2 protein chains.
Amino acid sequence: MKHIHFLNVEPHLVEGQDVKGVTMRVGITDSDGAPHFAMRLFQVQPNGYTPLHRHPWEHEVFVISGSGQLNYNDEEHSLQKGDFVLIEADALHQFKNIGPDEFQFICVIPHQSLLGKH
Amino acid sequence: MKHIHFLNVEPHLVEGQDVKGVTMRVGITDSDGAPHFAMRLFQVQPNGYTPLHRHPWEHEVFVISGSGQLNYNDEEHSLQKGDFVLIEADALHQFKNIGPDEFQFICVIPHQSLLGKH
């Protein structure tokens, strides 16, 4: 069992050339005993963005607060509090904060050991 | 890709003798193309509660709004907005709304086909 408020989870600044103003907090992961997937909270500052990238695993996202834009392959989607988003494996994707407040979302990913086991 | 606001996801009233005032919305699941896990939003009305039960799969939870209590085996935990909770497989658990407002949380579960594959 693990129970922790997100503000007590260590923040990691996401670094790289193609990222700005993004903090990740890994709330639940394999080292906590989670057998299948990890749950992370992302906080994106105004005008911040995650890398435009792709990878062979999915994201399941729920928007907690703020206003964002998701670039997904050749599409743009506006995101708001209360949205669910499934980002499929290998899709090109990027999140941007397009509002005045912090943009927060939960993002769940499978453990690497599960890939291909479905 | 799936993108939907939770209010546009069909609500299911959770029924049973040991449950009160609980609605589940399944935002992302296998029929959407999610390969490993399902993401659901639970809405618990004031004085409502989920069943006290156990099952051989885990929950990964993030609290969206309201005030709750988690009964977990022989323990009681107060829950608030912004809390992560890992409920391990086979743990006895129940969520209660102990506040005046709706208690909302995200709850992610593995597909049944994954159980034992880790």
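Residues numbered from 1 in each chain as written. Chains lettered and ligands numbered in written order. Predicted model: local features only at pLDDT ≥ 70, side-chain atom pairs only at ≥ 80, totals over all residues.

Peer 1: Requested: an account of the overall build of chain A, with residues and values cited.
Peer 2: Secondary structure summary: chain A contains 0 helices and 10 strands in total. The principal-axis extents of the C-alpha atoms in chain A amount to approximately 35 × 35 × 30 Å. A buried classification covers 36% of the 118 residues belonging to chain A. Expressed as a percentage of contacts within chain A between residues at least 6 apart in sequence, the contacts between residues at least 24 apart total 64%. (Helix = DSSP H or I, 4+ residues; strand = E, 2+ residues; numbered from the N terminus. Buried ≥ 20, exposed ≤ 12 C-beta atoms within 10 Å, placed from the backbone. Contact = placed C-beta atoms within 7 Å.)

Peer 1: Describe the nonpolar core, naming the residues involved and giving the relevant values.
Peer 2: Soluble globular proteins tend to bury their nonpolar side chains together. Membership of the largest hydrophobic core comes to 50 residues, with the highest contact counts inside it found for F62, F105 and I106 of chain A together with F62, F105 and I106 of chain B. In this structure I106 of chain B touches F62 and I106 of chain A together with M39, L41, V61, F62 and I64 of chain B, once residues within four positions along its chain are discounted. (Core = buried A, V, L, I, M, F, W, Y, C linked by C-beta atoms within 7 Å.)

Peer 1: I'd like a rundown of the environment of W57 of chain B, residues and numbers included.
Peer 2: Residue and element names in this part refer to chain B. Here W57 shows up in the loop between β4 (37–49) and β5 (59–65). What makes W57 partly exposed here is the crowd of 17 C-beta atoms within 10 Å. With 58 residues separating them in the primary sequence, W57 and L115 have C-alpha atoms 7.1 Å apart. Sequence-distant contacts of W57, that is, excluding residues within four places in its chain, are made with A89, I109, P110 and L115.

Peer 1: So, the relation of the copies chain A and chain B: which residues are in play, and what are the values?
Peer 2: Note on the copies: chain A fits chain B at an RMSD of 0.0 Å, the axial shift is 0.0 Å, and the rotation between them is 180 degrees. In the structure described here, the two chain copies are related by an operation that fits a two-fold rotation axis. Judged by C-alpha distance, I64 of chain A is the residue of chain A that lies nearest the rotation axis, at 3.5 Å. A share of 100% of interface residues in chain A that are also interface residues in chain B marks the association as one of identical surfaces. (Least-squares fit on C-alpha atoms with pLDDT ≥ 70 in both.)

Peer 1: Outline the environment of H36 of chain A, listing residues and values.
Peer 2: All names here are of chain A. With respect to the helices, strands and loops of the structure, H36 is situated in the loop between β3 (20–28) and β4 (37–49). Under the C-beta neighbour-count criterion, H36 is labelled buried, with 24 such atoms within 10 Å. C-alpha of H36 to C-alpha of H111: the two residues are 75 residues apart in sequence and 5.7 Å apart in space.

Peer 1: Summarise the interface of chain A and chain B; cite the residues concerned and give the values.
Peer 2: Of the residues lining the interface, 37 residues belong to chain A; the matching set on chain B comes to 37 residues. Elements supplying a minimum of two residues to the side of chain A that touches chain B: β1 (2–5), β3, β4, β5 (59–65), β8 (83–87) and β10 (103–110) of chain A. By residue number, the principal contributor to the side of chain A that touches chain B is β8 of chain A, which donates 5 residues. Residues that form the side of chain A that touches chain B fall into these classes: 21 nonpolar, 9 polar and 7 charged. Here β8 of chain A pairs with strand β1 (residues 2–5) of chain B via 4 bridges, running antiparallel. Of the residues in β1 of chain B, the one forming a bridge with F84 of chain A is I4 of chain B. (Nonpolar A, V, L, I, M, F, W, Y, C, P; charged D, E, K, R; others polar. Pairing = 2+ DSSP bridges.)

Peer 1: Describe the confidence of the model for chain A, and please don't skip the residues or the numbers.
Peer 2: With 98% of its residues at a pLDDT of 70 or more, chain A shows a mean pLDDT of 96. Both scores are available for the predicted complex, with the pTM at 0.97 and the ipTM at 0.96. (pLDDT = per-residue confidence, 0-100.)

Peer 1: Help me get a handle on unusual backbone geometry, residues and values and all.
Peer 2: One non-glycine residue with positive phi stands out, namely D90 of chain A, at about 75 degrees. One can find D90 of chain A in the loop between β8 and β9 (93–97).

Peer 1: Kindly report on the environment of F6 of chain A, identifying the contributing residues and their values.
Peer 2: Tracing the backbone through its elements, the reader meets F6 of chain A in the loop between β1 and β2 (11–13). F6 of chain A sits 35 residues away from L41 of chain A along the chain, and the two C-alpha atoms are 7.6 Å apart. Once residues within four sequence positions are removed from consideration, F6 of chain A is found in contact with R25, G27 and L41 of chain A together with G82 and F84 of chain B.

Peer 1: I'd like a description of the pairing of β8 of chain A, backed by residues and values.
Peer 2: Residues and elements named next belong to chain A. Judged by how many residues are buried, β8 sits mostly within the fold: 5 of 5 residues are covered. Across 4 bridges, β5 lies against β8 in antiparallel orientation. Looking at β8, one finds that H59 is bridged to I87.

Peer 1: Provide a residue-level description of the pairing of β3 of chain A, including the pertinent values.
Peer 2: Residue and element names in this part refer to chain A. Here β2 pairs with β3 via 3 bridges, running antiparallel. For H12, the partnering residue across the bridge sits in β3 and is M24. Counted between consecutive antiparallel strands, the loop separating β2 from β3 contains 6 residues, among which G16 sits at a positive phi close to 150 degrees. As paired strands, β3 and β4 are joined by 7 bridges and run antiparallel to one another. Bridge pairing in β4 links T23 to Q43.

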